[in-house]
Every structure is written in C-alpha cells, then in structure tokens.
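# Descriptive analysis of the structure
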Amino acid sequence: KGFAGDGKGLDRGSRGVWDGNPDVGEESGGLCKGTLRMEKSENMKLDRLSVAQMLQEHPIKNEQEGYRQRYLWVLDYVVRKYSAEDDWANAALTLYRSVLLDGKEPEYTERGLPKNLKVATATKFRAFKFFSYRYCLLADCIFIAAFSDREKGKKIFAELEALYQKRYRKKLREVFEFLYGAENSLKGISQLEYFRDCWTKNRAFQQQVPIKVLITATMSAGKSTLLNALAGKKVNKTQNEACTAKIHSIFNKPYEDGFSYEWDGALNLNAGLEDLMDDSVDNQTEYVSVGTFFRSCFPETRRVWLIDTPGVNSADNVEHKTITEKLIRKTDPDMVICVLNGQAIGTDDERKHLLFLKEQCRCRILFVINKVDSYRKNEDSIRQTLETTRKELEKVGFQSPCVVPVSAYAAFLAKQAYWGEPMEEEEADDMERLAHKLKRDAFRLDVLYPKESAGSDLSADCSEAEQLMLHSGILNLENMIYHIKEQ
C-alpha cells in the first residue's frame, strides 16, 4: 500500500544472491555464461559478507605472544588442510593473524609451518591452555574453515576431538552440534559466553532472506550520501561526479564487529577507508561488494542488501547508463529507491529515467527527494514539492506513488556524531546548522512520512544527534526498508 508498482516478485525464498542480475560474462569469476545466476560457491562467498567476526572480546588476546603464535599455528594448519582454496578462510586467517598478533608477522618452527596437528598444538607453557581453550579453538576452526559446511566441519571436529581424553568428548560434541544449529544453551562453559552470543546472532541472521533494495538516481542527487547515511559510515564516494562504472553491493551484518569487508577482485576482511573509496584496477568484473554493520537506532537488525548503481546521465561515461538499465531490467529486488534531487526536480534526464523505471520495474518503487534541507522558508515549500512531484509521477504513469523527503547529509552527520566518529570542523558546523534548522516545523521531515513508517521513539532528553536523525527522515526511511516484506 502506498508504493508504485504491482508488488510482484516478493517472497522469492532462497533464490541465488545474484539471481536476476545482468549477464556480465565468464570473466566475472563465477557467473555461468548465458545465465543470470552465480554458482553456489559464489553465492556462499557473498553470504559470508553478512557474517560478523568474533574477535573483539576473544579470550586469546589476553595470553602471551608465544601462546597466541601457537594458537594461530592450529588455525593455519586447519585452513591449509581443509580450506586452502577458500577465499573467506584465507582472508579470515589473515585477519586473525593481524588481530591476535597486533599486526606482527607470525613465526613458525625452523622447518616452517607444522604439518601435524599435535606439533601445532604443542606448547612449552606448564598450563596446557589449548586444553583449557578447547571450545574456543573448535569454534574458531569451524568459523574460519567450515561455517556453512557441516560435512567439512565433521572432519575438522574429528581431528580436534582426538587430541582430548574421552571424558571431555561429550561436551565437545555438544559444542560442535551447537555450532551447526542444535538447541543447546552450553551452560557451564564460561569461555564460550562471548562466542555463543556472536554465533547465535550470526546463525539467526543467515537464516533471514535478505531485503534487496536497488538504489538509482541521476548524477548529483545524493545517492551515495544516502547510502552512507543508511550504513552510518562511509562506504561510497560522494563527489559530485561519476565516480565509477561498478555496481556496488553493501551487505548488513548482525552486529558491530569493528571490521568492514570488501570483495573487489580479492577479499579483504579489514578494509580501511582508502580501500573502500578506491576500486581496485585488478578487478575486471562490474561488481564490488562490501559487508559492514548498518548503524541504526532500531533494536532489531535486519539482513539488508543495498545495490548501488551508476548515475544514468553522465555525459562523459555513457556506459554508466547502460550498466544501470541492464541491471534494472534483469534484477528483481524487493524495493527500488529512486533518489530525486530536491534542488533540481523535473529535469529532462530525470524524466527519461522515470519513464524507463515505469516500463521496466516489476517491484515496489519509493521516490525519495533528497537535499530539501537547502530550502528557504519564505521561498520554498517541502510539502508543495512532495505534492507536485506526486502529480508529475502520476502523469508519467505511476499509480499512487509514495514520495518522501530526506536530508541524507544531515542523517549521515547525525550518525557520525552519535557513534563518536571524528568530524571535520566544517562537518561539525554543518551539523549544528542542520540540527537547528530541521527542528522547525517547516523543515521537520519525519512528519511528512506515512504514519505507519514512524521511526524510533525518542525520549524528551535525547541527544541532538538523535533528534537530527529523526528530523532528517532517515529513521522513517529505514523503517520502510526494514519492514518492506510486511508491508
């Protein structure tokens, strides 16, 4: 209700993650020639971008360096033996090395990496802590090398189990079954409390069908800023220019683990800002995928997949339009968000794109007018812009179009402040100005959304950042995205 389109294509169940995307050829690394479906192994790689790490409170971090070295020997041995060709396993192992050794290079025996598990677990410490940490070790080995592969996990478990006496194997078996979904509270294993919480959230998250949202716009509408605002962190360039011909996918995680992933030709599980802002020249495909936790005030976390498309009206890069239109024709998302530039509504390029969307989109469309925070009280009316835009969309052929406003920049700044991210002086000044402006009745954007999309309830003494998040419209917009299937 309240969305343009006929609502077809919802509730698709467990279709392939990239099912419905345009055929980009064999060089894409997993796409079958002449089809629109990735191989199962490639789908699994994309699924893992929604898996959060278990390293922030890892108990091994408190141990001596020599012990952490030997712990990594075991993980290294398991990856080499069971998942040598697995991109995720190797990238995860690299991340573990970086975190557990504080960025140092691991040291091995004189003969190199131990080729026997018993050698790898041998320790000079009097307290045999591989015995004490046996449950952590099992969880890490399964997480890195066999998170979604129970059969492989059985083999890893059998080899680890053989290290311990029979009286401990029943509890080890309980832990193993829990890791693959068995209902088991694992009471009495204090070292697994952090792991258990992380694992439960990851498993529940993986069972959700992703909410797939394709975002499209003409250049300079603020699409990238909106994506950054939805994620609550910088994941896309925001220059007023055509930055890339790549299709960027951004996957949510179940909780904040402190890491952003990027699959850009190669898989990097600790991508910094520089990595995220610059596409790799070695990636010959049309796709870049990112996994990160979406910061929001909502208590529940939903599995969301945002698909960012190139701007459709670049005079210098006409292939951007071709890539975007091909994707829109072939993909089948739950929602398309069409971002409109509130400073330049009704351009010829915008109208052409709207006509294309009307002909090609088979799903629900939400029209989001951005940059309305630049309006002046006695010169512009946000309400009038919304109403005029609805009428123009009806002329194009959209029935009962849903048109809502947002200040993506204000939302992004508010989230940066709320989560304690450093801000430049100009950004801090902009936030103060926008917070004051969007408090006024004429500029409060949250009240211009449908009632059923009401954002998070805020207390009277909430912070300025929380108020700005609400007034920017981002909380209402997130609510519409997260609950699209229910709507």
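Scroll up for the structure.
Residue indices follow the written sequence of each chain, beginning from 1 at its first position. Two thresholds apply to this predicted model, a pLDDT of at least 70 for residue-level local features and 80 or more for giving and counting side-chain atom pairs, whereas whole-chain, interface and lining totals are computed over all residues. Neither water nor hydrogens contribute to the side-chain values; these are computed over all heavy atoms in the structure.

## Focus on the overall build of the protein
Worth spelling out the cut-off: A run of DSSP states H or I qualifies as a helix once it reaches four residues; a run of E qualifies as a strand once it reaches two. Both are numbered from the N-terminal end. Note on exposure labels: buried denotes an accessible area under 20% of the residue type's maximum, exposed denotes more than 50%, and partly exposed covers the range between, all computed with a 1.4 Å probe on protein chains only. Any two residues whose heavy atoms approach within 4.5 Å at even a single point are treated as in contact. For the accessible areas, the method is Shrake-Rupley and the probe is 1.4 Å, while residue cover comes only from the protein chains on display.
Regarding its fold elements, the protein presents 18 helices and nine strands. Every one of the 487 residues in the protein was classed for burial, and the buried ones make up 55%. Sequence separation of 24 or more characterises 78% of the internal contacts of the protein that already satisfy a separation of 6 or more. Carbon and sulfur atoms make up 45% of the accessible area of the protein, which amounts to about 22400 Å² in all.

## Considerations on the packing of aromatic side chains
Put simply, the rule reads: Any Phe, Tyr or Trp ring, taking Trp's six-membered ring, that has another such ring centre within 6.5 Å forms a pair; planes under 30 degrees apart are called stacked, those over 60 apart edge-to-face, and the others tilted.
Counted by the stated rule, this structure contains 13 aromatic pairs. Taking 6.0 Å as the distance between ring centres and 45 degrees as the angle between the ring planes, the aromatic pair formed by Y67 and Y133 counts as tilted. Here the residue Y67 occupies a position in helix α2 (residues 65-82), and Y133 occupies one in the loop between α5 (129-132) and α6 (134-146), the gap between them amounting to 66 residues. Here Y67 falls in the buried class, since its relative accessible area comes to 1%. Assessed through its relative accessible area of 13%, Y133 is described here as buried. In textbook terms, an aromatic cluster arises when at least three aromatic residues are bridged by ring pairs, as seen for W88, F143, F147, W199 and Y261.

## Quick word on the environment of Y133
C-alpha of Y133 to C-alpha of I60: the two residues are 73 residues apart in sequence and 8.4 Å apart in space. When sequence neighbours within four positions are dropped, the list of residues in contact with Y133 reads P59, I60, E63, Y67 and Q191.

## A word on the pairing of strand β5 (residues 287-292)
Rule in force here: Following DSSP output, two strands are said to pair if at least two bridges run between them.
Burial within β5 is extensive, with six of its six residues counted as buried. Residue alternation in β5 divides its side chains into two sets, Y287, S289 and G291 and V288, V290 and T292, and both sets are buried. Pairing analysis gives six bridges linking strand β2 (residues 247-252) to β5, with the strands arranged parallel. If you follow F251 over to β5, its bridge partner there is G291. Bridge count between strand β3 (residues 261-264) and β5: three bridges; the pairing is antiparallel. Bridge assignment links Y261 to a residue of β5, and that residue is G291.

## Notes on the sheet that holds strand β7 (residues 335-341)
What counts is decided by this rule: A fitted line through C-alpha atoms represents every axis, and for helices the fit uses only the stretch in contact; the resulting angles, taken between N-to-C directions, go from 0 to 180 degrees.
The sheet built from nine strands is open, its strands ordered β4-β3-β5-β2-β6-β1-β7-β8-β9 with mixed pairing. Strands at the two margins of the open sheet, each flanked by one partner only, are β4 (266-268) and β9 (402-406). Neighbour-to-neighbour, the strand axes of this sheet turn through a mean angle of 20 degrees, independent of strand direction. Pairing of β3 with β4, which is carried by three bridges, proceeds in the antiparallel orientation. Residue pairing for β4: D264 is matched across the bridge by A266.

## Comments concerning a negative patch on the surface
Applied cut-off: Every patch collects residues that have over 30% relative accessible area and no salt bridge, joining them within 9 Å if they carry like charges and within 5 Å if they are nonpolar side chains (Val, Leu, Ile, Met, Phe, Trp, Tyr). For salt bridges, the criterion is a side-chain nitrogen of Lys or Arg within 4 Å of an Asp or Glu carboxyl oxygen. In this tally, Lys and Arg are treated as positive and Asp and Glu as negative; His is ignored, and so are the chain termini. We put the charge of a Lys on NZ, of an Arg on CZ, of an Asp on CG and of a Glu on CD.
A cluster of acidic side chains, namely E424, E425, E426, D429, E432 and E464, defines a negative patch on the protein surface. By secondary structure assignment, the location of E464 is in helix α17 (residues 464-471). Owing to a relative accessible area of 38%, E464 belongs among the partly exposed residues under this scheme.

## Here's the deal with α17
Taking burial as the measure, the eight residues of α17 include six buried ones, the bulk of the element. If you check which residues of α17 are buried, you get A465, E466, L468, M469, L470 and H471. One or two positions beyond α17, positive phi appears at G473, with a value near 90 degrees.

## Quick word on the pattern of salt bridges
Applying the stated criterion to the full structure yields 22 salt bridges. Between K201 and D197 there is a salt bridge, and its shortest N-O distance comes to 3.4 Å. Taken together, the positions of K201 and D197, both in helix α9 (residues 193-207) and four residues apart, correspond to about one turn of that helix. Residues joined in a network through salt bridges with shared partners are K233, E256, R295 and E421.

## Observations concerning unusual backbone geometry
Its identity as a non-glycine residue notwithstanding, S220 has a phi of 70 degrees, on the positive side. Here S220 shows up in the loop between β1 (211-217) and α10 (223-231). Judged by relative accessible area, which is 32%, S220 ranks as partly exposed. At K371, a position not held by glycine, the phi torsion is positive, near 70 degrees. With respect to the helices and strands, K371 occurs in the loop between β8 (364-370) and α14 (382-396). The exposure class of K371 is buried, given its relative accessible area of 19%.

## Side note on the pairing of β2
Counted residue by residue, β2 has six buried out of six residues, so it is predominantly covered. Residues I247, S249 and F251 of β2 are buried on one face, and the alternating residues H248, I250 and N252, pointing to the opposite face, are buried as well. Pairing of β2 with strand β6 (residues 304-308), which is carried by four bridges, proceeds in the antiparallel orientation. Paired with H248 across the bridge in β6 is D308.

## Thoughts on the nonpolar core
Formally: Only buried residues count toward a nonpolar core. Its members are Ala, Val, Leu, Ile, Met, Phe, Trp, Tyr and Cys residues joined through side-chain atoms within 4.5 Å.
Of all hydrophobic cores here, the largest spans 147 residues; its most connected members are I337, I474, L477 and I481. With 11 residues, the top contributor of residues to this core is α6. For I474, the contacting residues outside a window of four places in its chain are L226, A229, L230, V406, A411 and M469.

## Section: the packing of α6 against helix α8 (residues 169-179)
Applied cut-off: Comment on the angle field: the value is read as roughly parallel under 35 degrees, roughly antiparallel over 145, roughly perpendicular from 65 to 115, and oblique elsewhere. Here a crossing is called left-handed whenever its near helix is offset anticlockwise from the far helix by less than a right angle, and right-handed whenever the offset is clockwise. The classification used treats Ala, Val, Leu, Ile, Met, Phe, Trp, Tyr, Cys and Pro as nonpolar, Asp, Glu, Lys and Arg as charged, and all other residues, Gly among them, as polar.
Viewed as axis vectors pointing N to C, α6 and α8 meet at an angle of 30 degrees, and their least axial separation amounts to 10 Å. One element, α6, and the other, α8, form an angle in the roughly parallel class. In the crossing of α6 with α8, the sense of the turn from one axis to the other is right-handed. Contacts between α6 and α8 pair R134, Y135, L138, A139 and I142 from the former with K171, L172, V175, F176 and L179 from the latter. Classifying every residue of the contact of α6 with α8 gives eight nonpolar, no polar and two charged.

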